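Spelled out from the first residue to the last, the chains are:
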Amino acid sequence: MSTSTTSTGVVNASDILENSRYSSGHLVDKDDTLKYDLKNLTAYDYSSINKVEFKENEEEYLKNLSRDNVQLLVTKLFSLPIKAIEEGALALLPNDFASLTPTPREKELPSAKSHTRWEAFAALKGIKKKGKKARMEWDEHYQEYRQSYGANRANKHEDYIMEAKESDKVGEDPFSKAEEEKREKVNKQKKRENRNLEESSMRSNAGIGKVKDFGKDNRSQLKSDIGNTFNVAKVSTASMGKFDRLMKDEAVKPQRNVKKQRGLGDDSNIANENKSNMKVLDRIFNKESNINVDKATNQFIAQEQKANYNKKFDRPQKRQKK
Amino acid sequence: MRKLTDEETKVFFEKIIKYVGKNITLMVERKDEPHCFRVQKNKVYYISEDIMRKAQNIPRDSLASLGTCFGKFTKSGKFKLQITCLEYLAQYAKVPIIFISILSTLLLIYDNIVYTNQFNSSKQYKVWVKPQSEMSWMYGNNLLKAGLGRITEDTPQNQGVVLYSMNDIPIGFGVTAKSTGECRKLDPTALVVYHICDVGEYLRDEDTLF
């Protein structure tokens, strides 16, 4: 914009108008070569700069150019269809994607949710999920609507009496047996859920360990996990990475199941070598006695514990609640 | 020719200990002349420092053999003894136990029950073969009860033993199939010592031994 200011520090509209080449103030003496993205109130000037003018006075040239361009943009905005409201007028910005500036997405694309084992199986067999169950259900016995879940659920099968079966054994409580079965079912389901969670986390992290928390504390763990995964991936070709070219500046190819050889080195100092050999021997001999001490103590402790346990549970058992 | 790695040293020593027990320390720290173990093309050699230093001038590819060959490492990292080490096994199996740490001795006295087994490794066990079975053993067969002349008292099962002829000439080494106690009740055709190596191999495997 033009920056002529009067001595009072206030910009007069008339001053600007007189200074500008066109008295109307919004016409610009140049071809409109701008590319508009009106929805974002943006315009791009792709035309090249006039080198001669630019070299004469850089600051002035850029100022004038941007003033002209802003004027063009504002003119364009005012030419848009206008909607009048109480507070004034609103310009209706165009909503076409063609003129929209492509900008990168802030977040990564959402990935497909991984299937649980059952979902994968159902998809394979074409089993469809039933519609959502209603929350309230009609209870025939109580003649009222009840929740379809929970302790007081509708149509709850209440076993006050159980019919004896031929397979029942004497002394076995069918009620506690049913309870036990239910508990087992719940535990089994818990195990399945855990397994699904682990599997999906493994998949989503592309095998980068089982760390799912990407917080600061886990950063080093994640880093080494990624390194390990990368190393495994590098030797996971048909030739175990034998014929793969190394990248520029890449460290030596990782090898599988190759232990670092320790104990090599100085070949000539026999005295030192024998000393370290004696250490190895000491370790071999001492290990035996150490293990035996542990074993003996453990055996003793285990025996004592067993005796205590037997003493504790040798009492007659309490009668079970019926 | 190179030193043994830590892993190799452990495997190698554990094998030798089966036959000579704690006397292996006498082999590592020799009073007369310093000796060392060296690997050359998977084979382990026991050599004096003097010869080792001279051999260092020879490139690995050209070095055929040096010192006494004790055996070789398999591809999977196990160690196999060869008959050429019999000289040392026999020698150190004869020496009485010298090296027992004071601590272990005290413990042995105070707590006989727990600590009796641990000294298997510190004892040396020997078997003497009757003259009529010597040849059979030297052809590579296992030793039967019929050929058993004498055996060290309290030899446990699966223990490495050095075999001698009745006039104390070492003729090989093996692993006991039965303990001394069990041997007494066995019939003459039962196995007593499994064959590992015998002096006949000097003739049979002459070209690969050294």
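Since the structure is predicted, the reported quantities are computational estimates derived from the model, not experimental observations. (Residues numbered from 1 in each chain as written. Chains lettered and ligands numbered in written order. Predicted model: local features only at pLDDT ≥ 70, side-chain atom pairs only at ≥ 80, totals over all residues. Heavy atoms only, no water.)

1. Quick word on the overall build of chain B
Moving on, step 1. A count of helical and extended segments in chain B gives nine helices and ten strands.
Moving on, step 2. A total of 210 residues make up chain B; the buried ones form 49% of that total.
Moving on, step 3. Across chain B, the fraction of contacts at a sequence separation of at least 24, relative to all contacts at a separation of at least 6, is 62%.
Moving on, step 4. Only carbon and sulfur atoms are counted for the fraction: they give 55% of the accessible area of chain B, which is about 10,700 Å². (Helix = DSSP H or I, 4+ residues; strand = E, 2+ residues; numbered from the N terminus. Buried < 20%, exposed > 50% of the residue type's maximum accessible area, 1.4 Å probe, protein only. Contact = heavy atoms within 4.5 Å. Areas by Shrake-Rupley, 256 points an atom, 1.4 Å probe, with all protein chains shown as cover.)

2. Remarks on the sheet that holds strand E2 (residues 43-48) of chain B
Residues and elements named next belong to chain B.
Moving on, step 1. With antiparallel pairing, four strands are arranged side by side in an open sheet as E1-E2-E3-E4. Edge positions in the sheet fall to strand E1 (35-40) and strand E4 (79-81), since each of these pairs with one other strand and no more. Strand-to-strand twist across the sheet, computed as the mean angle between neighbouring axes with direction ignored, equals 30°.
Moving on, step 2. Across three bridges, the pairing between strand E3 (residues 68-73) and E4 is antiparallel. Note on E4: the bridge partner recorded for Gly71 is Leu81.
Moving on, step 3. On the sheet, helix H1 (residues 6-20) packs against E1, E2, E3 and E4 and is oriented at approximately 35° with respect to E4. (Pairing = 2+ DSSP bridges. Axes fitted to C-alpha atoms, helices over the stretch in contact; angles between N-to-C directions.)

3. Topic: the interface of chain B and chain A
Moving on, step 1. Listed per partner, the contact involves 31 residues of chain B and 23 residues of chain A.
Moving on, step 2. Of the roughly 2,500 Å² buried where chain B meets chain A, counting both sides, 62% is carbon and sulfur surface.
Moving on, step 3. Our count for the contact surface shared by chain B and chain A stands at two salt bridges.
Moving on, step 4. A salt bridge links Arg38(B) to Glu273(A), with the shortest nitrogen-to-oxygen separation between them at 2.9 Å.
Moving on, step 5. Taken together, chain B and chain A are joined by four residue pairs in polar contact (both at pLDDT 80 or more).
Moving on, step 6. Mapped by element, the contributors of at least two residues to the side of chain B that touches chain A are H1, helix H2 (24-28), E1, helix H3 (49-55) and helix H6 (112-115) of chain B.
Moving on, step 7. Examining the composition of the side of chain B that touches chain A, we find that six residues originate from one element, H1(B), more than from any other. (Buried area = accessible area lost by both parts, 1.4 Å probe. Salt bridge = Lys/Arg side-chain N within 4 Å of Asp/Glu carboxyl O. Polar contact = N/O pair within 3.5 Å; in protein donor to acceptor, adjacent residues only side chain to side chain.)

4. A look at the nonpolar core
Moving on, step 1. Grouped together as the largest cluster of nonpolar side chains are 52 residues, with contacts concentrated most on Phe12(B), Phe13(B), Ile16(B), Phe70(B), Leu89(B), Leu163(B) and Phe173(B).
Moving on, step 2. When sequence neighbours within four positions are dropped, the list of residues in contact with Leu163(B) reads Val127(B), Val129(B), Trp137(B), Leu143(B), Ile169(B), Pro170(B), Ile171(B), Gly172(B), Phe173(B), Gly174(B) and Val193(B).
Moving on, step 3. Counting ten residues, the second-largest nonpolar core is a separate cluster that includes Ile270(A), Cys36(B), Tyr45(B) and Cys69(B). (Core = buried A, V, L, I, M, F, W, Y, C linked by side-chain atoms within 4.5 Å.)

5. Comments concerning the confidence of the model for chain B
Residues and elements named next belong to chain B.
Moving on, step 1. The predicted model of chain B averages 84 in pLDDT, with 86% of residues at 70 or higher.
Moving on, step 2. Long-range and interchain partners of residues 96-121, a stretch whose pLDDT sits below 50, account for 30 contacts in this model, where long-range means more than four residues apart.
Moving on, step 3. Among the prediction metrics, the complex's ipTM stands at 0.79, with pTM recorded as 0.48. (pLDDT = per-residue confidence, 0-100.)

6. Let's talk about the sheet that holds strand E6 (residues 143-144) of chain B
All names here are of chain B.
Moving on, step 1. Across the sheet, six strands lie side by side as E6-E10-E9-E8-E5-E7; this open sheet has mixed pairing. The outermost strands of the open sheet, each flanked by one partner alone, are E6 and strand E7 (148-151).
Moving on, step 2. Sheet topology note: the E6/strand E10 (residues 191-198) ladder contains two bridges and is antiparallel. The partner of Leu144 across the bridge, within E10, is Leu191.
Moving on, step 3. Of the strands in this sheet, strand E5 (126-129), E6, strand E8 (160-165), strand E9 (170-176) and E10 touch helix H7 (residues 131-138), which is tilted by about 55° from E10.

7. Observations concerning the pattern of salt bridges
Any two side chains of opposite charge can pair, on the condition that their charged atoms come close.
Residues and elements named next belong to chain A.
Moving on, step 1. Evaluation of the coordinates by the stated rule reveals 13 salt bridges over all chains.
Moving on, step 2. Notably, a salt bridge pairs Lys177 with Glu172, separated by 4.0 Å at the nearest N-O pair.
Moving on, step 3. When the shortest N-O distance is used, the salt bridge between Arg183 and Glu180 registers 3.0 Å. Highlighted residues: Arg183 and Glu180, both in helix H5 (residues 174-204), separated by three residues, approximately one helical turn.
Moving on, step 4. Given the relative accessible area of 44%, Arg183 is considered partly exposed.
Moving on, step 5. Judged by its relative accessible area of 37%, Glu180 is partly exposed.

8. Observations regarding helix H6 (residues 219-234) of chain A
Moving on, step 1. For H6(A), which comprises 16 residues, the first-to-last C-alpha distance of 22 Å matches the rise-based estimate of 22 Å (1.5 Å per residue) to within 8%.
Moving on, step 2. When we look at burial in H6(A), the residues that qualify are Leu222(A), Asp225(A) and Lys234(A). (Expected span 1.5 Å × (residues − 1).)

9. Concerning helix H3 (residues 58-78) of chain A
Residue and element names in this part refer to chain A.
Moving on, step 1. With 21 residues, H3 extends 30 Å between its outermost C-alpha atoms, agreeing within 8% with the 30 Å of an ideal straight helix rising 1.5 Å per residue.
Moving on, step 2. Buried within H3 are the following residues: Tyr61, Arg67, Asn69, Gln71, Leu72 and Leu73.
Moving on, step 3. Lining the buried residues of H3 we find strand E1 (35-37), strand E2 (42-44) and helix H2 (51-56).

10. Topic: a positive patch on the surface
Moving on, step 1. Taken together, the side chains of Lys275(A), Lys279(A), Arg283(A), Lys287(A) and Lys10(B) present a region of like positive charge at the surface.
Moving on, step 2. Broken down by element, the positive patch gets its largest block of residues, four residues, from helix H7 (residues 270-313) of chain A. (Patch = residues over 30% accessible without salt bridge, like charges linked within 9 Å, V, L, I, M, F, W, Y side chains within 5 Å. Lys, Arg positive; Asp, Glu negative; His and termini not counted. Charge placed at Lys NZ, Arg CZ, Asp CG, Glu CD.)

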